[in-house]
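The residues making up each chain are set out below.
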Amino acid sequence: MKNETRTETFRVPVENVSHLTLKVDGLNKRARRLNLTPLRIEIVGSETVKRVTSLPPFVKYTSEVKLIEIVGESPVLAGHELIARLTPAEDCEGENFVRTVPGKSCPVEYRTVDMKTCDHCKTRRVRKDTFVLLHTESGKHTVVGRNCISDYLGHASPEALLAGAEFLFEADSFGSESESDYYGSGDRNFEYHSPIELFTAMTAIFIRRFGWTPRSKADERNSATADGVWRHLLPVANKSARRDKEDFARKNNLTVTDDDLEVATKALDWARNNADGNDYIYNLRLACTPETVSRKTIGLVASVISAYNRNVEKLVELHARKIDDANCVHIGEVGVRAVFEGCTVRGTRNFESDYGVTTLVTLSTPAGNIVKWWASGDKTEDFPVGDTVTITGTVKAHDEYKGRKETLVNRCKMGVSGKAKPVVEAADPALAPA
Ligand SMILES: [Zn+2]
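Residues numbered from 1 in each chain as written. Predicted model: local features only at pLDDT ≥ 70, side-chain atom pairs only at ≥ 80, totals over all residues.

Here we look at the overall build of the protein
- Check the secondary structure of the protein and you find 10 helices and 15 strands.
- For a compact globule of 434 residues, the expected C-alpha radius of gyration is about 22 Å, and the protein comes in at 34 Å, more than 25% above that figure.
- Along the first, second and third principal axes, the C-alpha atoms of the protein reach 115 × 55 × 35 Å.
- Out of the 434 residues in the protein, the part that is buried amounts to 31%. (Helix = DSSP H or I, 4+ residues; strand = E, 2+ residues; numbered from the N terminus. Rg over C-alpha atoms; globule rule 2.2 N^0.38 Å. Buried ≥ 20, exposed ≤ 12 C-beta atoms within 10 Å, placed from the backbone.)

Structure (structure tokens):
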């Protein structure tokens, strides 16, 4: 049996890709049992498209459409290729449904060919299925009834030919179904994926309208924001369920503003590019990086809006309190323990050595002086950038870095500890201890 390769290309919304892959995997399991060549599925390109949700609040968003190739082989038996299957269109006398094998084309005269004919046995009888075959060498088409295929192809098993064609028919309908917005809504194994921009913008709208409820604060009366948004986005084929969603959106005046969309885009960008941070920030980056979100990560992804807003506030505040390098002075007394109250975390940097991780914590005092602590272990979680902290530590040295006076501390504890006194900062730098 010599086979012919054929390729079909589909334009699949990014949220449908994983389900299509799952379906093709399922087909391939069957292909192996039938000894057919498995299909190859490949993303060959992608396009950014503008889309609008199918339900109110009609969110406009941009998302990806993947160009997906499904490459299969159509079997050739005894020099014949299967071109199409014909079934009578009962309501249109004398006309036939033509199901063409993907990648092939069936001559138009077979649309109205008499279904009672069979080029092989030449007997006339009612047939439910006939097949259009192509003799590859002569280029001649024939129409043969299902029961005659075996005879016609010289007793070769018609099953492989039919199974192979069925296989391609199925792959083809999986491909075209996956191009739809409502793909999979009736399928038990379907796992919905939402384009991440859409999910995030919708989260911004829900927060604006209902406030933010993290999963940890959710109960019977207040469902978590992530779950509410998810339920609203899940595509439903059922008409009354669709109406319920529309009513809900209308009643709650879920209108989208450009700000929602902008915040969503910026929040995702921020999460994707956040290299430093604690485990939460790290996990957030992983959850926000893919183009789609599935049920597994909605809690994290939904939290990106409030995390981003908190961060923006912090950064704005931080920016407003710029360090004036030239006016920085040394504070405290070398060798003496002191309390450094109300310091702002300017940054944390981790360094790895043979002795383990060290974190350089940089703080600025309320008067704008710099305090640095080389802490052992990873301290990024204890010192989120922009947070205000109080530490107690021993002044180790009065140092200078790039022309700026800095106070180095060690043996630090969070908060006020022991008998240490708050460090005195001169209001006027000129009065500061030398
Ligand atoms: Zn026949």
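Having put the structure on the table, let's press on.
Points about the packing of helix α7 (residues 258-272) against helix α8 (residues 279-288)
- Interaxial distance between α7 and α8 falls to 8 Å at its minimum, and their mutual angle equals 120°. The orientation of α7 relative to α8 falls into the category oblique. Of the two elements, α7 crosses α8, and the hand of that crossing is left-handed. On the side of α7, the interface is formed by L268, A271 and R272, while α8 contributes L284, R285 and C288. (Axes fitted to C-alpha atoms, helices over the stretch in contact; angles between N-to-C directions. Parallel < 35°, antiparallel > 145°, perpendicular 65-115°, else oblique. Left-handed = near helix turned anticlockwise from the far one by under 90°. Contact = placed C-beta atoms within 7 Å.)

Let's talk about the pairing of strand β3 (residues 60-77)
- Pairing geometry for strand β2 (residues 40-52) and β3, over 12 bridges, is antiparallel. Bridge assignment links E42 to a residue of β3, and that residue is E69.
- Following β3, the chain reverses through 2 residues before pairing antiparallel with strand β4 (residues 80-88); A78 in that reversal takes a positive phi of roughly 45°. (Pairing = 2+ DSSP bridges.)

Remarks on helix α1 (residues 17-33)
- Relative to the 24 Å expected for 17 residues at 1.5 Å per residue, α1 spans 25 Å between its end C-alpha atoms, a close match to the ideal helical length.
- Along α1, the positions that sit buried rather than exposed are V17, H19, L20, K23, V24, L27 and A31. Mapping the buried residues of α1 onto a view down its axis gives an arc of 165°, with all of them on the same face. For α1, exposure combined with an orientation more than 90 degrees from the buried face picks out D25, K29, R32 and R33.
- Phi for N35, located one or two positions after α1, is positive at around 65°. (Expected span 1.5 Å × (residues − 1). Arc of directions from axis to C-beta.)

Focus on the domain arrangement of the protein
- In terms of domain boundaries, the protein breaks down into domain 1 (2-74 + 173-177), domain 2 (79-155), domain 3 (193-316) and domain 4 (325-431).
- Look at where the C-alpha atoms of domain 1 and domain 2 centre, and you get two points 29 Å apart.
- Contacts between the two partners involve 4 residues from domain 1, matched on the other side by 5 residues from domain 2.
- Element by element, the count of residues in the side of domain 1 that touches domain 2 is highest for strand β1 (residues 2-13), at 3 residues.
- When grouped by side-chain class, the residues that make up the side of domain 1 that touches domain 2 number no nonpolar, 1 polar and 3 charged. (Domains from an automatic or database assignment. Nonpolar A, V, L, I, M, F, W, Y, C, P; charged D, E, K, R; others polar.)

Describing the environment of V424
- Note that V424 resides in the segment after β15 (421-422).
- Here V424 falls in the partly exposed class, since 13 other C-beta atoms lie within 10 Å of it.
- Separated by 91 residues in sequence, V424 and E333 have C-alpha atoms that sit 9.8 Å apart.

Topic: unusual backbone geometry
- Even without being glycine, K122 reaches a positive phi, approximately 60°.
- With respect to the helices, strands and loops of the structure, K122 is situated in the loop between β5 (96-100) and β6 (130-135).
- The backbone of K402 sits at a positive phi, close to 50°, despite the residue not being glycine.
- On the secondary structure map, K402 appears in the loop between β13 (388-401) and β14 (404-414).

Here we look at α8
- Residues of α8 that are buried: L284, A287 and C288. The buried residues of α8 all sit within an arc of 85° when viewed along its axis, so they share a single face. Structural note: α8 exposes D279 and L286 on the side pointing more than 90 degrees away from its buried face.

Concerning the environment of L82
- In this fold, L82 is placed in strand β4.
- Given 25 C-beta atoms within 10 Å, L82 falls into the buried group.
- Sequence separation between L82 and G299 is 217 residues, and the spatial gap between their C-alpha atoms is 50 Å.
- If we ignore the near neighbours within four places in the chain, the residues touching L82 are S74, V101, F131, L133, L161 and A165.

Overview of the confidence of the model for the protein
- On average, residues of the protein score 85 in pLDDT, and 92% of them reach the 70 mark or higher.
- The secondary structure element of the protein with the lowest average pLDDT is helix α3 (residues 158-177), at 77, and the one with the highest is β14, at 95.
- Low confidence marks residues 428-434, where pLDDT is under 50. Its contacts with residues over four positions away, or in another chain, come to 6 contacts. (pLDDT = per-residue confidence, 0-100.)

Some words on the environment of P422
- As for its position among the elements, P422 is in strand β15.
- Owing to 14 C-beta atoms within 10 Å, P422 belongs among the partly exposed residues under this scheme.
- In contact with P422, not counting residues within four places along its chain, are A338, V339 and E341.

Section: the packing of helix α4 (residues 196-210) against helix α5 (residues 225-233)
- Between α4 and α5, the shortest axis-to-axis distance is 10 Å and the interhelical angle comes to 120°. Looking at the two axes, α4 sits oblique to α5. For the element pair α4 and α5, the recorded crossing hand is right-handed. Contacts between α4 and α5 pair L198, F199, M202, T203, F206 and I207 from the former with T225, G228, V229, H232 and L233 from the latter.

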